Amino acid sequence: MNISVIVPLLNEAESLPELTSWIERVMNENGFSYEVIMVDDGSTDDSWKIIEELNAKNPALKGIKFRRNYGKSAALNVGFEACEGDVVITMDADLQDSPDEIPDLYNMITKEGYDLVSGWKKVRYDSKIAKNIPSKFFNWTTRRMSGINLHDFNCGLKAYKNEVVKSIEVYGEMHRYIPVIAKWAGFSKIGEKVVHHQKRKYGVTKFGWDRFVNGFLDLLTISFVSKFGKKPMHFFGLWGTISFLIGGIIALWLIIAKLVHLHNGVVFRQVTEQPLFYIALLGMVFGLMLFLAGFLGEMIARSSSDRNKYQISKRLGNGR
């Protein structure tokens, strides 16, 4: 099968017939073998009923329904597990992503050798204050922290090699950072394509400020876990040691200063009466706590079931 199209959706009943018809036309015009997997993320409208009707007309259209709303990341992850196409395309169900982009995205994966291609909605039709400005700040921050030079990390229109989606796990609000997750999984050829952005035709946007805040916190999480998930002592042990040493040096300096003043017969405050002593004590306690956190993290990481789980891309001969 050439292409799997994964469409996560929530209360998009009005747009589904037009979207599926558009996808079907593009696939037929280009002679692609395909499947469309629609993941209903707990819709409360008639979305699932329409998916059933569309499936009856076209078996290439498949559906997965959640009992309640779990979020876009969960919907994508389930779609990734179910898809079978050589190239996997994700797009939103609100008709703001154009299926006409699919052939070019497919060629960038199959002919140009990209592992992942992310769409870039260079010209947007969203509210500038409510979405565009926060989005630009979010993308700038993600570029700086991840080292991946993309302009629109959160664009729903993306293309992947099948191997990529089978090698990563998406959860929480991590769908915004799939390029980052893919990079840390060893897929470094990540490209970008300017795509057409259309005005929302039906329904209402699902964007909210809470998603913007949660997205930033998730960026910190994925950055930390990617670097230190299997070696927590490298982070906690380092900063714990630094904190403990700083506190110890300050305490030692106070004690030496006290002894020197006593030797010279100069009146000097008790060590425990000095504010620096408590700063030193805090530094040593904090450093010890960080070190213990790193030690416990190492114990947990070494006992986890995936401690030796590696991604093997190629193998020759009968090596085991």
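What you see is a predicted model, and the numbers here were worked out from it, not measured in a lab.

A. The arrangement of the packing of helix H1 (residues 16-30) against helix H2 (residues 47-57) in detail. The N-to-C vectors of H1 and H2 enclose an angle of 35°; their axes lie 10 Å apart at closest approach. As for how H1 packs across H2, the hand of that crossing is right-handed. Across the interface between the two elements, Leu16, Pro17 and Thr20 of H1 pack against Ser47, Ile50, Ile51 and Leu54 of H2.

B. Examining the side chain of Asn77 more closely. Here Asn77 is to be found in helix H3 (residues 72-82). Assessed through its relative accessible area of 12%, Asn77 is described here as buried. Residues in contact with Asn77, not counting those within four places in the same chain, are Ile168, Glu169 and Val170.

C. Structural view of the environment of Tyr114. You can see Tyr114 is positioned in the loop between helix H4 (102-110) and strand S5 (116-120). Excluding residues that lie within four positions of it along the chain, Tyr114 makes contacts with Met108, Ile109, Lys161, Lys189, Ile190 and Gly191.

D. Spotlight on H1. Here H1 spans 21 Å end to end across 15 residues, near enough to the 21 Å set by a 1.5 Å rise per residue. Lining the buried residues of H1 we find strand S1 (3-9), strand S2 (34-40), H2, strand S3 (61-65) and H4. At the exit of H1 stands Gly31, carrying a positive phi of roughly 70°.

E. Representation of the confidence of the model for the protein in the model. Per-residue confidence for the protein averages 85 on the pLDDT scale, and 83% of its residues sit at or above 70. Strand S4 (residues 87-90) holds the highest mean pLDDT among the elements of the protein, 98, whereas helix H8 (residues 209-228) holds the lowest, 66.

F. Region of the structure containing the pairing of S4. What you see with S4 is no split at all: Val87 and Ile89 on one side and Val88 and Thr90 on the other are buried throughout. Pairing of S1 with S4 involves four bridges; the strand directions are parallel. If you follow Ile3 over to S4, its bridge partner there is Val87. Where S4 lies against strand S6 (residues 158-161), four bridges are found, and the strand directions are antiparallel. Paired with Thr90 across the strands is Lys158, a residue of S6.

G. Layout of a negative patch on the surface. On the surface, Glu14, Asp45, Asp46, Glu52 and Glu53 cluster together into a patch of negative charge. Relative to the elements of secondary structure, Glu14 occurs in the loop between S1 and H1. What makes Glu14 exposed here is its relative accessible area of 54%.

H. Quick peek at the environment of Ser4. Position of Ser4 relative to the elements: it lies in strand S1. Separated by 32 residues in the primary sequence, Ser4 and Val36 have C-alpha atoms spaced 5.9 Å apart. In contact with Ser4, not counting residues within four places along its chain, are Glu35, Cys83, Glu84, Gly85, Val87, Val88 and Ile89. A distance of 2.7 Å separates a polar side-chain atom of Ser4 from the backbone nitrogen of Gly85.

I. Highlighting the packing of aromatic side chains. For the coordinates displayed, the defined rule picks out five aromatic pairs. Where Phe66 meets Tyr70, the ring centres are 5.3 Å apart and the plane angle is 85°; that geometry is what we call edge-to-face. Phe66 gets classed as buried once you look at its relative accessible area, which sits at 12%. The cationic tip of Lys189 hangs over the ring face of Tyr114; the distance from NZ or CZ to the ring centre is 5.2 Å.

J. Structural context of the side chain of Asp41. Looking at the element boundaries, Asp41 is found in the loop between S2 and H2. Of note is the side chain of Asp41, whose polar atom sits 2.9 Å from the backbone nitrogen of Gly71.

K. Focus on the pattern of salt bridges. All chains considered together, the criterion is met by nine salt bridges. Ionic pairing is found between Lys121 and Asp97, a salt bridge with its closest N-O pair at 3.0 Å. With Lys121 in the loop between S5 and helix H5 (128-146) and Asp97 in the loop between S4 and H4, this pair connects stretches of sequence that are 24 residues apart. Each member of the pair Lys121 and Asp97 is classed as buried. Here Lys193 makes a salt bridge to Glu101, at a shortest N to O gap of 2.5 Å. Here Lys193, found in strand S7 (residues 190-194), pairs with Glu101, found in the loop between S4 and H4; they are 92 residues apart in sequence, far enough to count as distant. Considered together, Lys193 and Glu101 belong to a single accessibility category, that of buried residues.

L. Focus on the nonpolar core. Formed by 35 residues in total, the largest nonpolar core has its most connected members in Ile3, Val5, Met38, Ile89 and Met91. Every element with two or more residues in this core is listed here: S1, H1, S2, H2, S4 and H4. If one sorts the elements of this core by residue count, H1 sits on top with six residues. Grouped together as the second largest cluster of nonpolar side chains are 27 residues, Ala75, Met174, Tyr177 and Ile178 included.

Conventions and cut-offs
Throughout, residues of each chain are indexed from 1 in the direction in which the sequence is written. Local features in this predicted model are restricted to residues of pLDDT 70 or higher, and side-chain atom pairs are both shown and tallied only at a pLDDT of 80 or more, whereas totals for entire chains, interfaces and linings draw on every residue. Each side-chain value is derived from all of the structure's non-hydrogen atoms; neither hydrogens nor water enter the calculation. Every axis in this analysis is a line fitted to C-alpha atoms, fitted for helices over the stretch in contact. Angles between the N-to-C directions lie between 0 and 180 degrees. To qualify as a helix, a DSSP run of H or I must reach at least 4 residues; to qualify as a strand, a run of E must reach at least 2; elements of each kind are numbered from the N terminus. Note on convention: near helix rotated counterclockwise from far helix by under a right angle means a left-handed crossing. Clockwise means right-handed. Residue contacts are defined here by distance: any two heavy atoms, one from each residue, within 4.5 Å place the two residues in contact. Categorising residues by exposure relies on relative accessible area from a 1.4 Å probe, with only protein chains included: less than 20% of the type maximum marks a residue as buried, more than 50% marks it as exposed, and the intermediate range marks it as partly exposed. Multiplying one less than the number of residues by 1.5 Å gives the expected span of a helix. Each residue carries a pLDDT score, the predictor's confidence in it, ranging from 0 to 100. Think of it this way: DSSP has to see at least two bridges between two strands before they count as a pair. Like-charged residues are merged into a patch within 9 Å and nonpolar side chains (Val, Leu, Ile, Met, Phe, Trp, Tyr) within 5 Å, provided each residue has over 30% relative accessible area and no salt bridge. Using the Shrake-Rupley algorithm and a 1.4 Å probe, accessible areas are obtained, with residue cover drawn only from the displayed protein chains. A pairing counts as a salt bridge when a side-chain nitrogen of Lys or Arg comes within 4 Å of a carboxyl oxygen of Asp or Glu. Charged-residue counts in this description rest on Lys and Arg as positive and Asp and Glu as negative, His and the chain ends being excluded. In this description, the location of a charge corresponds to atom NZ of lysine, CZ of arginine, CG of aspartate or CD of glutamate. Polar contacts, as counted here, are pairs of nitrogen or oxygen atoms within 3.5 Å of one another; within protein the pair requires one atom able to donate a hydrogen and one able to accept it, and residues that are adjacent in sequence qualify only if both atoms are side-chain atoms. Centres within 6.5 Å make a pair out of two Phe, Tyr or Trp rings, where for Trp the six-membered ring is used; the pair is then stacked when the planes are under 30 degrees apart, edge-to-face when over 60, and tilted otherwise. By the criterion adopted, a ring carries a charge over it if an Arg CZ or a Lys NZ lies within 6 Å of its centre and within 35 degrees of its normal. The term nonpolar core refers to a set of buried residues drawn from Ala, Val, Leu, Ile, Met, Phe, Trp, Tyr and Cys, joined through side-chain atoms within 4.5 Å.

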